[in-house]
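Spelled out, the chains give:
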Amino acid sequence: MNSAEIRESFLSYFETKGSRRVSSSSLVPDDPSLLLTSAGMVQFKPVFLGVKDLGFMRATTCQKCVRTTDIDIIGTTNRHHSFFEMLGNFSFGDYFKSEACAWAQEYSVEMLGLDPDRLWYSIYEDDDEAERIWAEEVGVPRERIVRMGAKDNFWSAGPTGPCGPCSELYYDQGESVGCGLDSCAPGCECDRFLEYWNLVFMQFDRAEDGTLTPLPNQSIDTGMGLERVAAILQGVRSNFETDILRSIMARAEELTGVAYGSSEKIDTSLRIVTDHTRAVTFLVADGVLPSNEGRGYVLRRILRRAVRHGRLLGRTEPFMAEMVDRVVELMGAAYPEIAEHHDLVRRIADSEEQRFSTTLRQGLAFLDEEISRLKEAGSPVLDGRTAFALHDTFGFPLELTAEIVAEAGLDVELDVFEAEMAAQRERARAAVKDESWTSFANAFNEIATRAGQTDFVGYERDDATATVIGLVTGGASVEEIAAGTAAEVVLDRTPFYAEQGGQVGDQGVLSSERGDVFEVTDTTLPVSGVISHRGTLTSGTLRLGDTVSADIDVMRRERIRRNHTATHLLHWALRLVLGDHVRQSGSHVAPDRLRFDFTHFEAPGADQLDKIERMVNAKIMENHPVRSYETSLTSAKEAGVTALFGEKYGEFVRVLETGNFSKELCGGTHVARTTEIGLVKIASEGSVGANLRRIEAVTSFDALEYVEREEAELAEAAAVLKVQRFDVSERVGTLVKRVKELESAKERVKENLSAQSIDALLAEAFDVGYQLVITRVPDTDAGGLRGIADVMRARMGGGAVVLATVAPDGGAPLLLAAGSDDAVAAGFDAGAVIKAVAPHVKGGGGGKPAMAQAGGKDASGVDAALAAARDMLGTPE
Ligand code: SER
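S.K.: Got a sec to walk through the sheet that holds strand S29 (residues 692-699)? Specific residues and values, please.
M.R.: The strands that make up a sheet are held in pairs by hydrogen bonds between backbone atoms, and each pair lies either parallel or antiparallel. Spatially, four strands are ordered S23-S24-S29-S28 in an open sheet, and the strand pairing comes out antiparallel. With partners counted over all chains shown, the strands left at the sheet margins are strand S23 (584-589) and strand S28 (680-689), one partner each. The average undirected angle you get between the axes of adjacent strands in this sheet is 15°. Sheet strands touched by helix H18 (residues 554-578): S23, strand S24 (594-599), S28 and S29. Its angle to S24, the strand with the most contacts, is close to 25°. Together, S28 and S29 form the strand contacts of helix H21 (residues 700-721), whose direction differs from that of S29 by roughly 90°.

See the structure below:
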């Protein structure tokens, strides 16, 4: 059976057992506790925990998975993969151990045709029930059931969540394959006993502190490695020799010109390129882009490791995009998303490869030098600062550096590297954060403990009557503040929105019953649930317990609302126009502008930006209602609400719904209907990092002003050009064309002059003991004039010239005199001539006997100047 046949046989077998065939979920899990989907059960976690009901109790899947724990081992073995496919069957509180074991046996023997005498079974050390089921119900020989500890036979997807004891099926590949030791048995490091199927008996939910609580229902989660089963069925020793992987490797052989089997080193590199290409393809197709954090970093590490091994195989040109083509060709039918995003994957792989290629060679040279230096010095460790420099300057992921130095038998000083990284992160954080505010948190915690949290009433209203429950100044909690004090005021309730989720804090006033006014310049959330009004008391005093009227600056808030809803519209349009991989990575919503950062791998075209702006404005004019409601995080996700990547949400969330097309989790303040936004204009778009773009836009009054400024610019241009506004571009086009024509005409004049008219000028030469030409030449600039003088002198074979011209732009007269050594010896003095004649053109200048120049202001004196030169040098009229 080839891989496609195995997939199909597994899924249809479990369909006959009443399971629903469910598609593979994305590699990017819907679960903040996990970086990537690493097992078939990930998409069913909430079902196992009893917080979600699918409406069916048995499922079967072929799940794409990525595991990242041992990336550096991948390639050195026949079995490790970053990306792999896991076949699974699941019971949600329905069948349990008996069926799971019986069906695993039946499928292995009846459907896959495995020899039952070669099958072994491991069980968790305490699980007598599993032993009984295997031996008595399924009827396998007791001597082939082995007990193992929690490390091997207790399974969980992570530190917390559903888990339970498990039982694994092993296939004995025969004595010839193994280590040959007497102790060799399932669990041995060698290749003889191949573990191919894990049956997990989901019984517990593990909490952060490690306690196990029984799950509401006992469940089943099994996982069978497709690559391993394919290797058994296809009779090959390595997963890399099964149909799909071997074909991907064949492409790597073609592109690098080396053959699998030539040497262990070559095979390792080929396996790395083969394995990693699949991971890259599937990760990008699921929306992961290379970056320095989280999933993006996993992708970057894998991609860069593959690129380096491609270079080790001798390939100097980019090759990853072509590798991707093969993966899509082989797996696109089973996973349509990679075919759909084929082009995107190629481009990302290619641009990341190019980016890394430019520094890879320099980085390797640098590292090689370091390694030889260390070896000479007999030092076994590459220092952390060097590893950090490689990371920072050459883009070497730490793991790559570690792998390269390990090849030379050295280690990396990890703690110093980590310290450097932490220091860099800290610098970055300090650069964006006003430190003084964080130290204030204590005072606010104390207020929250004493007086409770602030009730935010600003979704519904712009003002409120409230009680002062906290006053903070200079970092300390106080009971009273006096006029002129800069302070922070905490109220029991407030309409002021605290800066959060990219939306800036409100401004406004708090006025006491006595008529004293506290001007609020910013509102923040120093600790969760406590809203702080930051500003200055302009008169009187303010005390704890005072009643105040809190009024926000309504017009300013109005403008913030418009900008906030506009960012949602922009997000919606960006995803439609640029693709689903676009994800919000930050935003700033102020009264006068908005900023939206998102992931994308290239600059959007002007036509795409136009389209985005038009789509947003169309949604504005269509006057859609904007609604918000609270719901549980689970039902929001089920309803397909867009949540921000990596953001932590509480159990209850606020959903912001615009029309029926945009749904986002958002705590911000918004307009009631889209028409309130008026108009959106995109003011700029640019890159703010690798695969990170930023759009700045304005709405309502600011958009109007923006358009007015553009219009005024256009009106001014039209006035200068003396045309209607709608004719400006046409007129400018004509003018640009005309300027180009004139410039090339000018060039031609210069060339003609030097080529043809020189003869005519030379015909005017007189002998005054040396050859002398005094003449006016056609209009040219100072450079042109010098050129003519040089050519003339060269052609005269010595002699002297006195030339005049008028510069074509500006009409300034220019004079030049120049003589050969012979002429100077015979008494010619260019400096003296120019000095004497320049006043005729209201100019000044001078130079040496061999060469002098002058510029003037009066072109009408040119002829008089030349006449004066003739008088002086004694040539006939
Ligand atoms: N979740 C288990 C595993 O990954 C069985 O599918 O091994």
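S.K.: Mind laying out the site of the ligand, listing which residues take part and the relevant values?
M.R.: Around the ligand sit Ala39, Met41, Arg67, Met86, Trp155, Asn198, Val200, Asp221, Thr222 and Gly223, and those are all the residues in its vicinity. The separation between an oxygen atom of the ligand and a polar main-chain atom of threonine 222 is 3.2 Å. Measuring from an oxygen atom of the ligand, one finds a backbone N or O atom of glycine 223 at 3.0 Å. Here the ligand has 230 Å² of accessible area as a free molecule, and 95% of this is covered by the chains. The pocket occupied by the ligand, as judged from atoms lying within 2 Å of grid points, is the second largest pocket. Those elements that place two or more of their residues in the shell around the ligand are strand S8 (193-206) and strand S9 (212-225). If one sorts the elements of the shell around the ligand by residue count, S9 sits on top with three residues. Across the shell around the ligand, the residue classes break down as five nonpolar, three polar and two charged.

S.K.: Before we move on, could you go through H18 and cite the residues and values that matter?
M.R.: For H18, with 25 residues, the first-to-last C-alpha span of 36 Å sits near the 36 Å given by 1.5 Å per residue. Where burial is concerned, most of H18 is hidden: 20 out of the 25 residues are buried. Between the side-chain oxygen of the N-cap and the backbone nitrogen of methionine 555 there are 3.4 Å, and the N-cap of H18 in question is aspartate 553. Count one or two residues on from H18 and you reach glycine 579, which has phi positive near 125°.

S.K.: Explain the pattern of salt bridges residue by residue, including any values.
M.R.: Here the idea is simple: oppositely charged side chains can pair when their charged atoms come close. Tallying each qualifying case throughout the model produces 54 salt bridges. A salt bridge links arginine 142 to glutamate 131, with the nearest nitrogen and oxygen atoms 3.0 Å apart. Placement of the pair is arginine 142 in the loop between helix H4 (128-138) and strand S5 (145-148) and glutamate 131 in helix H4, with a sequence separation of 11 residues. When its relative accessible area of 41% is taken as the criterion, arginine 142 is described as partly exposed. A residue is classified by how much of its surface remains accessible, and glutamate 131, at 16% relative accessible area, is buried. In this structure, arginine 278 and glutamate 227 form a salt bridge, with 2.8 Å as the shortest nitrogen-oxygen distance. Taken together, the positions of arginine 278 in helix H8 (residues 264-285) and glutamate 227 in helix H6 (residues 226-233) put the pair 51 residues apart, joining distant regions of the chain. For arginine 278, a relative accessible area of 1% translates into the label buried. Linked through salt bridges whose partners overlap, the residues forming this network are Asp128, Glu131, Glu136, Arg142 and Arg147.

S.K.: Describe in detail the sheet that holds strand S27 (residues 662-665), supporting the description with residues and values.
M.R.: The strand order across the open sheet built from three strands is S25-S26-S27, with neighbouring strands paired in antiparallel fashion. Each edge of the open sheet is held by one strand with a lone partner, namely strand S25 (626-632) and S27. In this sheet, neighbouring strand axes are inclined to one another by 25° on average, regardless of whether the strands run parallel or antiparallel. One ladder, built from four bridges, connects strand S26 (residues 652-658) with S27; its direction is antiparallel. Within the sheet, the bridge partner assigned to leucine 656 lies in S27 and is glutamate 664.

Each value, and the rule that gives it
- Residues numbered from 1 in each chain as written.
- Predicted model: local features only at pLDDT ≥ 70, side-chain atom pairs only at ≥ 80, totals over all residues.
- Heavy atoms only, no water.
- Pairing = 2+ DSSP bridges.
- Helix = DSSP H or I, 4+ residues; strand = E, 2+ residues; numbered from the N terminus.
- Axes fitted to C-alpha atoms, helices over the stretch in contact; angles between N-to-C directions.
- Contact = heavy atoms within 4.5 Å.
- Near = heavy atom within 4 Å.
- Polar contact = N/O pair within 3.5 Å; in protein donor to acceptor, adjacent residues only side chain to side chain.
- Areas by Shrake-Rupley, 256 points an atom, 1.4 Å probe, with all protein chains shown as cover.
- 1 Å grid on protein atoms, 1.4 Å probe; cavity = no way out; pocket = protein on both sides within 12 Å on 5 of 7 lines; lining within 4 Å.
- Sits in = over half its atoms within 2 Å of the grid points.
- Nonpolar A, V, L, I, M, F, W, Y, C, P; charged D, E, K, R; others polar.
- Expected span 1.5 Å × (residues − 1).
- Buried < 20%, exposed > 50% of the residue type's maximum accessible area, 1.4 Å probe, protein only.
- Salt bridge = Lys/Arg side-chain N within 4 Å of Asp/Glu carboxyl O.

By themselves, these are just geometric observations and shouldn't be taken as functional.
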